[in-house]
Amino acid sequence: MKVTITKNCMGDRRCNDLCPEVFEYDEDQLKSMVKFDKIPEKHHEIVRQAAEECGADAIMIEED
Ligand code: SF4
């Protein structure tokens, strides 16, 4: 699984709160970032949930 965050991110950090192991906030770019190139299996479920709950539809998932 690969995840990218688009420029639509409105920086409310909801994904960061939900899964800080995967998402972090970039203070320079004022948007969230993904910590992994390839998301570890154990985080897949929570990442899918974060994508569903993202109010800006900014979390793009590419499944393997
Ligand atoms: S939940 Fe969506 S809009 Fe909010 S910080 Fe994460 S990617 Fe950005």
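Residues numbered from 1 in each chain as written. Predicted model: local features only at pLDDT ≥ 70, side-chain atom pairs only at ≥ 80, totals over all residues. Heavy atoms only, no water.

Asker: How should I be thinking about the site of the ligand in this particular structure?
Answerer: For the ligand, the full set of nearby residues is Ile5, Cys9, Met10, Gly11, Asp12, Arg13, Arg14, Cys15, Ser32, Cys54, Ala56 and Ile59. Here the ligand occupies the largest cavity. Along the lines of polarity and charge, the residues of the shell around the ligand split into 7 nonpolar, 2 polar and 3 charged. (Near = heavy atom within 4 Å. 1 Å grid on protein atoms, 1.4 Å probe; cavity = no way out; pocket = protein on both sides within 12 Å on 5 of 7 lines; lining within 4 Å. Sits in = over half its atoms within 2 Å of the grid points. Nonpolar A, V, L, I, M, F, W, Y, C, P; charged D, E, K, R; others polar.)

Asker: Looking at this structure, I do not really get the pattern of salt bridges. What am I missing?
Answerer: A pair can form between side chains of opposite charge whenever their charged atoms are brought close. Under the criterion given, the structure shown has 5 salt bridges. Residue arginine 13 pairs with glutamate 27 through a salt bridge whose shortest N-O separation is 3.5 Å. Here arginine 13 is found in the loop between strand 1 (2–5) and helix 1 (14–18), whereas its partner glutamate 27 is found in the loop between strand 2 (23–26) and strand 3 (31–34), with 14 residues between them in sequence. Note on arginine 13: relative accessible area 34%, which makes it partly exposed. Overlapping salt bridges, with partners in common, bring together Glu45, Arg48 and Glu63 in one network. (Salt bridge = Lys/Arg side-chain N within 4 Å of Asp/Glu carboxyl O. Helix = DSSP H or I, 4+ residues; strand = E, 2+ residues; numbered from the N terminus. Buried < 20%, exposed > 50% of the residue type's maximum accessible area, 1.4 Å probe, protein only.)

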